[in-house]
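So the chains spell out like this:
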Amino acid sequence: MSADAHHLTGHGPETHDSHAHSEGGHGSFGSYITGFVLSVILTVIPFWLVMGNVLDNSLVTSLVILALGGVQMIVHIIYFLHMNTKSEGGWTFLALIFTIMVVVIMLAGSVWVMYHLNHNMMPMDAHDVMNNAR
């Protein structure tokens, strides 16, 4: 085959795979171990906080557990999913940001609707219930 035929068919020494592993890359053994150790630590700390009743205020305990859960999600994204701003030309990171925005909007909207439904519902006491039953 001529050089032009190699170029048209996509077979030949001058072609390359644009989706090669060098762009995003897979983690090394050390990075997987680091991710695993961080995940275990970020799992044990909330367990210890709850089982040892370390913090007296349950609201503070809940907020600390939520924060550690967020950190653990970031650890999983970086060390196990290998998502960063360089992989896939930044498109995977952009898709992640978009997904997070949609989830936050949906959750905030749901909480807002539920709060206003609860706030705007007419309270009924036992006397009102008895009168409505007739």
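A brief look at the structure comes next. (Residues numbered from 1 in each chain as written. Predicted model: local features only at pLDDT ≥ 70, side-chain atom pairs only at ≥ 80, totals over all residues. Heavy atoms only, no water.)

**Re the layout of surface pockets**
Here the idea is plain: a probe the size of a water molecule rolls over the atoms and shows the empty space left.
Turning to step 1, where the next piece is worked out: A volume near 180 Å³ is recorded for the second largest pocket.
Turning to step 2, where the next piece is worked out: In terms of lining residues, the second largest pocket is bounded by G70, M73, I74, I77, I78, M83, N84, F93, L96 and I100.
Turning to step 3, where the next piece is worked out: Elements represented by at least two residues in the lining of the second largest pocket include exactly α4 (58-79) and α5 (91-120).
Turning to step 4, where the next piece is worked out: The element that contributes the greatest number of residues to the lining of the second largest pocket is α4, accounting for 5 residues.
Turning to step 5, where the next piece is worked out: Partitioning the lining of the second largest pocket into residue classes produces 8 nonpolar, 2 polar and no charged. (1 Å grid on protein atoms, 1.4 Å probe; cavity = no way out; pocket = protein on both sides within 12 Å on 5 of 7 lines; lining within 4 Å. Points joined across faces, edges and corners; volume = space filled by probe spheres on them. Helix = DSSP H or I, 4+ residues; strand = E, 2+ residues; numbered from the N terminus. Nonpolar A, V, L, I, M, F, W, Y, C, P; charged D, E, K, R; others polar.)

**Focus: the packing of aromatic side chains**
Turning to step 1, where the next piece is worked out: Throughout the structure, instances matching the rule amount to 1 aromatic pair.
Turning to step 2, where the next piece is worked out: Summarising the aromatic geometry, the rings of Y32 and F80 are spaced 6.2 Å apart at their centres and angled 20 degrees between planes, so their arrangement reads as stacked. Here the residue Y32 occupies a position in helix α3 (residues 29-51), and F80 occupies one in the loop between α4 and α5, the gap between them amounting to 48 residues.
Turning to step 3, where the next piece is worked out: Owing to a relative accessible area of 31%, Y32 belongs among the partly exposed residues under this scheme.
Turning to step 4, where the next piece is worked out: Assessed through its relative accessible area of 28%, F80 is described here as partly exposed. (Phe/Tyr/Trp six-rings, centres within 6.5 Å; stacked < 30°, edge-to-face > 60°. Buried < 20%, exposed > 50% of the residue type's maximum accessible area, 1.4 Å probe, protein only.)

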